[in-house]
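Single-letter residue listing:
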Amino acid sequence: MINMSLKVTVNITGCLKELYPHLSEREVVESDQPLSVSGLIGELGISPRMVLFAVLNERIVPKDRQLFEDCEINLVSPPAGG
Amino acid sequence: MLYGYAGKILTINLNTGKASADHIPEDLARDYLGGRGFVARLLYDRLDPGTDPLGPENIIVVATGPLSGHLLPGSGKTHFGALSPATGGYGDSNLGGHFGPTLKYAGYDCMIIEGKADQLSTIIIDNETVKIVPDQGLKGKGAIEAEQELKERLGEDYQLLTIGPAGENKVAFACISHDFGRQAGRTGVAAVLGSKNIKAVAVRGTKKIPVFDAKRAQEKGEEMYKVCFGKPGFKTWTPFGTASITDWANEVGAFPTRNFQTSYAEFHEKINGQAIVDRLLVTDKGCFGCPTPCGKYGHTTTALGSAYVEGPEYESIATLGGSCCLEEIEEVAYANYVCDQLGIDTISAGVVVSFAMECFEKGVISAEEVGREISFGSLEDTVYLLEKIAAREGIGDVLAEGVKQAAAIFGDGSESYAIHVKGLEWSGYECRNAPGMMLSYMTADVGAHHNRSWALGYDVSQSDADVSELIEAGTGGKLEISTPDGKVDHVISMQHSRPLFDALGICRLQSMEIGFETFHYEEVFELITGRRLSWQEMLAISERIWQLTRQFNVKHIEGFGRDWDYPPRRFMEEPVPSGPNEGRYISKEILDKMLDEYYEKRGWDKNGIPKPQTLARFGLD
Ligand code: SF4
């Protein structure tokens, strides 16, 4: 049987750290199900509307993009009123 | 000895033409840190009630912070303050660039300008030497043009502050310009400079600032840069700067459109951060010591002309683009350039011009009064009004006082859509479904400015729905009601944390936008000043400053109190007509409940006046 477990490293940036103080800047999420960016955001308990974009391998990706084993993703918040 | 500080306050008396330098009182540095703290305390101590903001007895305080000018990220900030001609109360604004560090290298943490010169002049500071030089052909010159001319005359070593024609003509929202596109834009500090007959201030400095542990402070500063470069947000923040929020502000229904009639602009993708990068950008531009240059220096071409311009920043996009409905980024950038040359704050300018457009549309003012027909979306009309305002010609003379005063003159119900708090025009976030952000604007000490507290994130994150998906799904994007629950605490907390950076003399964006941790500032502060202060202790100082600026308004604004904290009637009574927040508004009843809670938590009475015991608690009695 194929092991479907998935380990993803997530970097939380900008005002997400202020809004979600329970999250650390770098979180590791493990899932035994396939996981999209949206799914990951849900797992972390973040409101999707506070993620301006997600960056995977230095590229902005849509929120329905499927994540893969050992990938590292940055969740970028809207600029918080400079 | 005060480590980290240059150690002196420079006072320039324009009545006598004399300058003097005094030591910074140690208790001032201890209790107020610097920057905004120095500005607030010195203004409070030196200005009497009844002072005319545009009279010679008003003063301008320019202050750096203990971290300004040192080797660490974002250490180029300078704070400006005066009794505001826009509000009649506490006024301040800050800018980046290189002026503050250079002032410090000249030996001064702080400069006070008092009195009035007998003719238009430039102040030239070269370390200990201070001269007041009468106008040499700068009268009426654009702020950027004047800076260019003075750079050529004095040399590249000089850092300059300039004002444009709007400052010379004492427009209530005139701004101080520096470094070809950085502005201390808000609260009309440049009008005060203009009232003192000062067109420019030039400074050259070659001294060292004493540092408690110079070797370790340098090592820590270098480490801080490395940490910044390694932050995941680093690569995503710099390319677009603040303009990257444009689409998001629309999707969450917070984008001021048509003088804040609605909160969603169909054309937002034509004026967003990507449009700047694709159609304007020449290079990124940063302030002194900045690892994350958010300035976008670009070139724009329109039917009215072409220009190089720094920006537009998000706030200019929101007010000139959204509120005036300029639908192309080139037009927004051109209007931004016109404001920069005239020396007008782009935020207030966009709100004032769009207010005039709505007044015209509703028949409150006529073509005869305006001098022509005007309409939303017209760059030509926007520039026409900006030039009239700066010159104080015709209708421009009324608009030059800001929307509060203009509405009082126009009447006919226009005060309900004069978008301001305390007389300061509202910046770039529409709040009819954002109670936390609304309270942030209502209670900001300077008036409706976003940088004291940006609680919009708390308002928006209350829901799980993904806004872009709602809109794509054709739901009309109607968002759920955002409630006031818990917002007061967030607003208060942000009103301490954000302005703290202004007291330290550093940029907040490395912390706010790319997640730079505050313990780095604690460590470097100790190495530079020799004083150990936790972030929490610094926040307590920031809270003291907040109480002081409230008390400043009590002292200077006759009858000041709760009535000064309400938003315009539009936001309390008119439902948003379209977009994701269609149907939303926040009633006065809800806002009153929030104000009650806010005042109580602040230690203020029901009218929003600090109680004697509160003042005593902060050493302000
Ligand atoms: S982030 Fe922007 S405002 Fe802050 S120091 Fe850098 S260039 Fe200046």
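Residues numbered from 1 in each chain as written. Chains lettered and ligands numbered in written order. Predicted model: local features only at pLDDT ≥ 70, side-chain atom pairs only at ≥ 80, totals over all residues. Heavy atoms only, no water.

Draft legend 1. Spatial organisation of the overall build of chain B. Scanning chain B from terminus to terminus reveals 27 helices and 17 strands. Taking 2.2 N^0.38 as the reference for a compact globule, 621 residues should give roughly 25 Å; the C-alpha atoms of chain B span a radius of gyration of 23 Å, in line with that estimate. Once the C-alpha set of chain B is aligned to its principal axes, its extents read approximately 65 × 50 × 50 Å. The burial tally for chain B puts 66% of its 621 residues in the buried class. (Helix = DSSP H or I, 4+ residues; strand = E, 2+ residues; numbered from the N terminus. Rg over C-alpha atoms; globule rule 2.2 N^0.38 Å. Buried < 20%, exposed > 50% of the residue type's maximum accessible area, 1.4 Å probe, protein only.)

Draft legend 2. The arrangement of the overall build of chain A in detail. Secondary structure summary: chain A contains 2 helices and 5 strands in total. Listing the helices and strands of chain A from first to last along the sequence gives β-α-β-α-β-β-β. The globule rule puts the C-alpha radius of gyration for 82 residues at 12 Å, and the 13 Å found for chain A is close to it. When its C-alpha atoms are laid out on the principal axes, chain A stretches across 50 × 25 × 20 Å. Out of the 82 residues belonging to chain A, those deemed buried represent 56%.

Draft legend 3. Focus on the packing of aromatic side chains. Residues and elements named next belong to chain B. Under the definition given, this model contains 25 aromatic pairs over all chains. Ring centres 6.1 Å apart and planes at 10 degrees place the aromatic pair Phe 355 and Phe 410 in the stacked group. Here the residue Phe 355 occupies a position in helix H13 (residues 346–361), and Phe 410 occupies one in helix H17 (residues 403–410), the gap between them amounting to 55 residues. For the pair Phe 355 and Phe 410, one class covers both residues: buried. Taken together, the ring pairs in this structure connect Trp 248, Phe 255, Tyr 314, Tyr 429 and Trp 454 into an aromatic cluster. (Phe/Tyr/Trp six-rings, centres within 6.5 Å; stacked < 30°, edge-to-face > 60°.)

Draft legend 4. Fine view of the pattern of salt bridges. All names here are of chain B. Inspection of the entire model under this criterion finds 54 salt bridges over all chains. We note a salt bridge from Asp 284 to Lys 296, for which the minimum N-O separation is 2.7 Å. Within this pair, whereas Asp 284 is found in strand S13 (residues 281–285), its partner Lys 296 is found in strand S14 (residues 295–302), the two being separated by 12 residues in sequence. Assessed through its relative accessible area of 33%, Asp 284 is described here as partly exposed. (Salt bridge = Lys/Arg side-chain N within 4 Å of Asp/Glu carboxyl O.)

Draft legend 5. Spatial organisation of the site of the ligand. The immediate surroundings of the ligand are formed by B:Lys77, B:Arg182, B:Gly286, B:Cys287, B:Cys290, B:Thr292, B:Pro293, B:Cys294, B:Cys507, B:Leu509 and B:Gln510. Along the lines of polarity and charge, the residues of the shell around the ligand split into 6 nonpolar, 3 polar and 2 charged. (Near = heavy atom within 4 Å. Nonpolar A, V, L, I, M, F, W, Y, C, P; charged D, E, K, R; others polar.)

Draft legend 6. Layout of the domain arrangement of chain B. Residue and element names in this part refer to chain B. Along its sequence, chain B is carved into domain 1 (8–204), domain 2 (237–425) and domain 3 (435–617). Relative placement of domain 2 and domain 3: their C-alpha centres are 24 Å apart. Listed by partner, the interface residues are 33 residues for domain 2 and 37 residues for domain 3. For the domain 2 and domain 3 pair, buried surface summed over both sides reaches about 2,600 Å², with 64% attributable to carbon and sulfur atoms. The interface formed by domain 2 and domain 3 contains 3 salt bridges. (Domains from an automatic or database assignment. Contact = heavy atoms within 4.5 Å. Buried area = accessible area lost by both parts, 1.4 Å probe.)

Draft legend 7. Seen up close, the sheet that holds strand S4 (residues 59–61) of chain A. Residues and elements named next belong to chain A. Here 5 strands make up an open sheet; going across it, the order is S2-S1-S5-S3-S4 and the pairing mixed. Every interior strand has two partners, whereas the edge strands, strand S2 (26–31) and S4, have only one. For this sheet, the mean inter-axis angle between neighbouring strands, taken without regard to orientation, is 35 degrees. Pairing of strand S3 (residues 53–56) with S4, which is carried by 3 bridges, proceeds in the antiparallel orientation. For Val 55, the partnering residue across the bridge sits in S4 and is Ile 60. (Pairing = 2+ DSSP bridges. Axes fitted to C-alpha atoms, helices over the stretch in contact; angles between N-to-C directions.)

Draft legend 8. Local environment of the interface of chain B and chain A. Chain B puts 36 residues into the contact, and the matching count from chain A is 26 residues. With both sides pooled, the region where chain B packs onto chain A buries about 2,500 Å², and carbon together with sulfur makes up 55% of that total. Linking chain B with chain A are 3 salt bridges, by the criterion used here. Residues A:Arg49 and B:Glu480 are paired through a salt bridge, measuring 3.5 Å at the closest nitrogen-oxygen approach. Counting across the interface, chain B meets chain A through 7 residue pairs in polar contact (both at pLDDT 80 or more). Every element with two or more residues in the side of chain B that touches chain A is listed here: helix H8 (232–237), helix H19 (456–460), helix H20 (467–472), helix H21 (487–504) and helix H22 (509–512) of chain B. (Polar contact = N/O pair within 3.5 Å; in protein donor to acceptor, adjacent residues only side chain to side chain.)

Draft legend 9. Seen up close, the environment of B:Arg570. Residues and elements named next belong to chain B. For Arg 570, the position within the fold is in helix H25 (residues 569–573). It is 10.0 Å that separates the C-alpha atoms of Arg 570 and Ser 414, two residues lying 156 residues apart in sequence. With near-sequence residues (within four places) excluded, Arg 570 lies in contact with Asn 259, Phe 260, Gln 261, Glu 358, Lys 362, Ser 416, Tyr 417, Ile 419 and Arg 432.

Draft legend 10. Structural detail: helix H11 (residues 314–323) of chain B. Residue and element names in this part refer to chain B. Along H11, 10 of the 10 residues are buried, which leaves the element largely enclosed by surrounding structure. All of the buried residues in H11 are Tyr 314, Glu 315, Ser 316, Ile 317, Ala 318, Thr 319, Leu 320, Gly 321, Gly 322 and Ser 323. Lining the buried residues of H11 we find helix H9 (246–251), helix H10 (273–279), helix H12 (329–342) and H13.

Draft legend 11. Geometry of the side chain of B:Asn94. All names here are of chain B. Counting through the fold element by element, Asn 94 comes out in strand S5 (residues 90–95). Overall, Asn 94 belongs to the buried group, its relative accessible area being 15%. Setting aside chain neighbours within four positions, we find Asn 94 in contact with Lys 77, Thr 78, His 79, Phe 80, Gln 183, Ala 184, Asn 451 and Asp 502.

Draft legend 12. Up close: the sheet that holds strand S2 (residues 18–23) of chain B. Residues and elements named next belong to chain B. Here 6 strands make up an open sheet; going across it, the order is S2-S1-S6-S3-S4-S5 and the pairing mixed. The strands lining the two open edges of the sheet, one partner per strand, are S2 and S5. Each strand axis lies, on average, 15 degrees off the axis of its neighbour in the sheet, ignoring direction. By the bridge criterion, 5 bridges tie strand S1 (residues 8–13) to strand S6 (residues 110–114) in an arrangement that is parallel. Opposite Leu 10, over in S6, you have Met 111 as the bridge partner.

Draft legend 13. Main features of the confidence of the model for chain A. Per-residue confidence for chain A averages 87 on the pLDDT scale, and 93% of its residues sit at or above 70. Averaged over each element, pLDDT in chain A is lowest for helix H1 (residues 15–19) of chain A (87) and highest for helix H2 (residues 37–43) of chain A (93). (pLDDT = per-residue confidence, 0-100.)

Draft legend 14. Here's a closer look at the pairing of strand S5 (residues 72–76) of chain A. Residues and elements named next belong to chain A. Most of S5 is tucked away, with 4 of its 5 residues classed as buried. Where strand S1 (residues 6–12) and S5 come together, 4 bridges link them in parallel fashion. Among the inter-strand pairings, Asn 11 is bridged to a residue of S5, identified as Asn 74.

Draft legend 15. Region of the structure containing the environment of A:Ala80. With respect to the helices and strands, A:Ala80 occurs in the segment after S5. Judged by relative accessible area, which is 1%, A:Ala80 ranks as buried. Counting along the chain gives 17 residues from A:Ala80 to A:Lys63, while the straight-line C-alpha distance between them is 21 Å. When sequence neighbours within four positions are dropped, the list of residues in contact with A:Ala80 reads A:Cys15, B:Trp454, B:Arg498 and B:Glu513.

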